[in-house]
Amino acid sequence: MGGWGSGQQGGRPLAETSLRIDIAWMIRTGHAVPGSILKSSLHWSANGEPTASIGYTANMVDPENAWLELRYSRGSGGARETVAQNVRLVSTIPNYGGKRWWMICPYRHGRAGKLYLPAGGDRFASRAAWRIGYRSQRQASRDRPFEALFRLQRKLGCEPGWEQPIYRPKGMWRRTFERHETRYYDLDDRCALEALRLMARL
């Protein structure tokens, strides 16, 4: 497994910018059918424009020997590679009944509901294998209390902004609003602390 991160800096790849295969979604939408073999393709888009596609075969006839073959190309020119990646499928029985399907990560060999292919990557693998992060994890720690405060203000229909007051929306239980108010003052205090730390560094 290679590709992303070879000689690069800047942190982990992001889930939001990676191709993702979700086996539960595939079954729910008919892209994979337990008890059957299905050949089709998956497509990704951004802002309404197609960005990537792969072909696949989902063989789920025998639950003890189920697999998903992914077919795609990567690179260009003389470095272009045609990939046929085979992923083993297994199922478990949850406590609440039914059956849950998983993919086995080709590199970590553990169960995964989703596999990712980050920009510059060469194979689909689990989030743990690629050390995938989320955009929210990239926020500087000092920004997080402000973002949380603004989300709370927007949720209540109030103008977002530090030290902007909040008001109880019409129809909201007073007890519910009191919980939001407690959260608001806690976040406001944390924002003030981060602001003081920033000023001390200037």
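Please refer to the structure placed before this passage.
Residues numbered from 1 in each chain as written. Predicted model: local features only at pLDDT ≥ 70, side-chain atom pairs only at ≥ 80, totals over all residues. Heavy atoms only, no water.

1. Side note on unusual backbone geometry
And then number 1: One non-glycine residue, His109, lies in the positive phi region at around 65°.
And then number 2: Its place among the elements puts His109 in the loop between β6 (100-104) and β7 (111-112).
And then number 3: A positive phi angle, close to 55°, is found at Arg131, a residue other than glycine.
And then number 4: For Arg131, the position within the fold is in the loop between α2 (127-130) and α3 (144-155). (Helix = DSSP H or I, 4+ residues; strand = E, 2+ residues; numbered from the N terminus.)

2. Re the pattern of salt bridges
And then number 1: Under the defined criterion, the tally for this structure stands at five salt bridges.
And then number 2: The shortest N-O distance in the salt bridge between Glu69 and Arg71 comes to 3.3 Å.
And then number 3: On the accessibility criterion, Glu69 (24% relative accessible area) is partly exposed.
And then number 4: Taken together, the salt bridges that share partners define one network made up of Arg74, Glu81 and Arg123. (Salt bridge = Lys/Arg side-chain N within 4 Å of Asp/Glu carboxyl O. Buried < 20%, exposed > 50% of the residue type's maximum accessible area, 1.4 Å probe, protein only.)

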